[in-house]
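Structure assessment
Here are the chains, one letter per residue:
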Amino acid sequence: MRDNDEILEANSERECAFYSDYLLKNIRSASIKNLRGNTHEERVIKLNEELEGLIKKSRAPKNFASQMRSAFKATQLPIQHFRWVDKKDERLCNWLWCYLKKATSQAEPEEAVKNESLLLLSAKAFQIERDTAAERQIDILDAFYHGEATASQQQEILELLKAKWHEIRQDVSVTNWLEDNNPTHWSWA
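Residues numbered from 1 in each chain as written. Predicted model: local features only at pLDDT ≥ 70, side-chain atom pairs only at ≥ 80, totals over all residues. Heavy atoms only, no water.

1. Describing the overall build of the chain
- Counting its secondary structure elements, the chain contains 8 helices and 0 strands.
- When the helices and strands of the chain are listed from N to C terminus, the series reads α-α-α-α-α-α-α-α.
- Expressed as a percentage of contacts within the chain between residues at least 6 apart in sequence, the contacts between residues at least 24 apart total 64%.
- Put simply, the chain shows about 11,800 Å² of open surface, and 50% of that area lies on carbon and sulfur atoms. (Helix = DSSP H or I, 4+ residues; strand = E, 2+ residues; numbered from the N terminus. Contact = heavy atoms within 4.5 Å. Areas by Shrake-Rupley, 256 points an atom, 1.4 Å probe, with all protein chains shown as cover.)

2. Comments concerning the layout of surface pockets
- Estimates place the volume of the largest pocket at around 300 Å³.
- If you go around the largest pocket, you meet 16 residues; those closest to its centre are Glu15, Arg69, Phe72, Lys73 and Gln76.
- Put simply, the parts of the chain that give the lining of the largest pocket at least two residues each are helix H1 (13-26) and helix H3 (64-73).
- Looking at the lining of the largest pocket element by element, the count peaks at 4 residues for H3.
- Taken together, the residues that form the lining of the largest pocket break down as 8 nonpolar, 4 polar and 4 charged. (1 Å grid on protein atoms, 1.4 Å probe; cavity = no way out; pocket = protein on both sides within 12 Å on 5 of 7 lines; lining within 4 Å. Points joined across faces, edges and corners; volume = space filled by probe spheres on them. Nonpolar A, V, L, I, M, F, W, Y, C, P; charged D, E, K, R; others polar.)

3. Focus on the packing of aromatic side chains
- Within this structure, the stated rule accounts for 10 aromatic pairs.
- Taken together through their ring pairs, the aromatic side chains of Phe18, Tyr19, Tyr22, Phe64 and Phe72 make up a single cluster.
- Just above the ring of tryptophan 97 sits the side chain of arginine 136; from NZ or CZ to the centre is 4.3 Å. (Phe/Tyr/Trp six-rings, centres within 6.5 Å; stacked < 30°, edge-to-face > 60°. Lys NZ or Arg CZ within 6 Å of the ring centre and 35° of its normal.)

4. Examining the environment of lysine 102
- Along the chain, lysine 102 turns up in helix H4 (residues 90-104).
- The spatial distance from the C-alpha of lysine 102 to the C-alpha of alanine 123 is 8.9 Å, given a sequence separation of 21 residues.

5. Here's the deal with H4
- Compared with an ideal rise of 1.5 Å per residue, which puts 15 residues at 21 Å, H4 spans 21 Å between its outermost C-alpha atoms and is within 8% of the ideal.
- What H4 keeps buried is the set Leu92, Cys93, Trp95, Leu96, Trp97, Tyr99, Leu100, Ala103 and Thr104. (Expected span 1.5 Å × (residues − 1). Buried < 20%, exposed > 50% of the residue type's maximum accessible area, 1.4 Å probe, protein only.)

6. Comments concerning the packing of H1 against helix H2 (residues 40-56)
- Remark: H1 packs on H2, axes separated minimally by 10 Å, with the N-to-C direction vectors making an angle of 25°. Considering their axes alone, H1 and H2 lie roughly parallel with respect to each other. Note that H1 runs across H2; the crossing there is left-handed. Contacts between H1 and H2 involve Glu13, Cys16, Tyr19, Ser20 and Leu23 on the former and, on the latter, His40, Arg43, Val44, Leu47, Glu50, Leu51 and Leu54. (Axes fitted to C-alpha atoms, helices over the stretch in contact; angles between N-to-C directions. Parallel < 35°, antiparallel > 145°, perpendicular 65-115°, else oblique. Left-handed = near helix turned anticlockwise from the far one by under 90°.)

What follows is the structure, encoded as structure tokens:
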């Protein structure tokens, strides 16, 4: 059996399809019929079985899974685009995490109806409640990187979120009830 570094895990259908296409384009003896499955999990298993068989027959390099992961990562929106999601900004991370959790939920898609591309993000990223802004920032990145949105769709979603955040950040109604010289109010807020 192969090393864990050489086993592929696909977090989305888009990632699984990328790996299958990449394998078929780069290894001539790879067979599309060996990659078929009824579920996402089956397709990932078949993909790993096909890759393992090709490696055993010396038709694919031993590190081909790593090459495939690197090639997929290159199709993702670069991390620099997410710099504005600062884990030190607790208000931003909390708002963004809650907003995306609600928007990606199939149970409450009213926000997603306004912008269907939000449904392309991974709802799995928000299944566990988080206590810190840093944990929530990781979930936000996972929603993008483990979802079905392409890099250009991810960019569009980020622009939408930045605009919404700008509106929220400018809204002072949240704090204008606070008295300037009342430390109790400010401490509570």
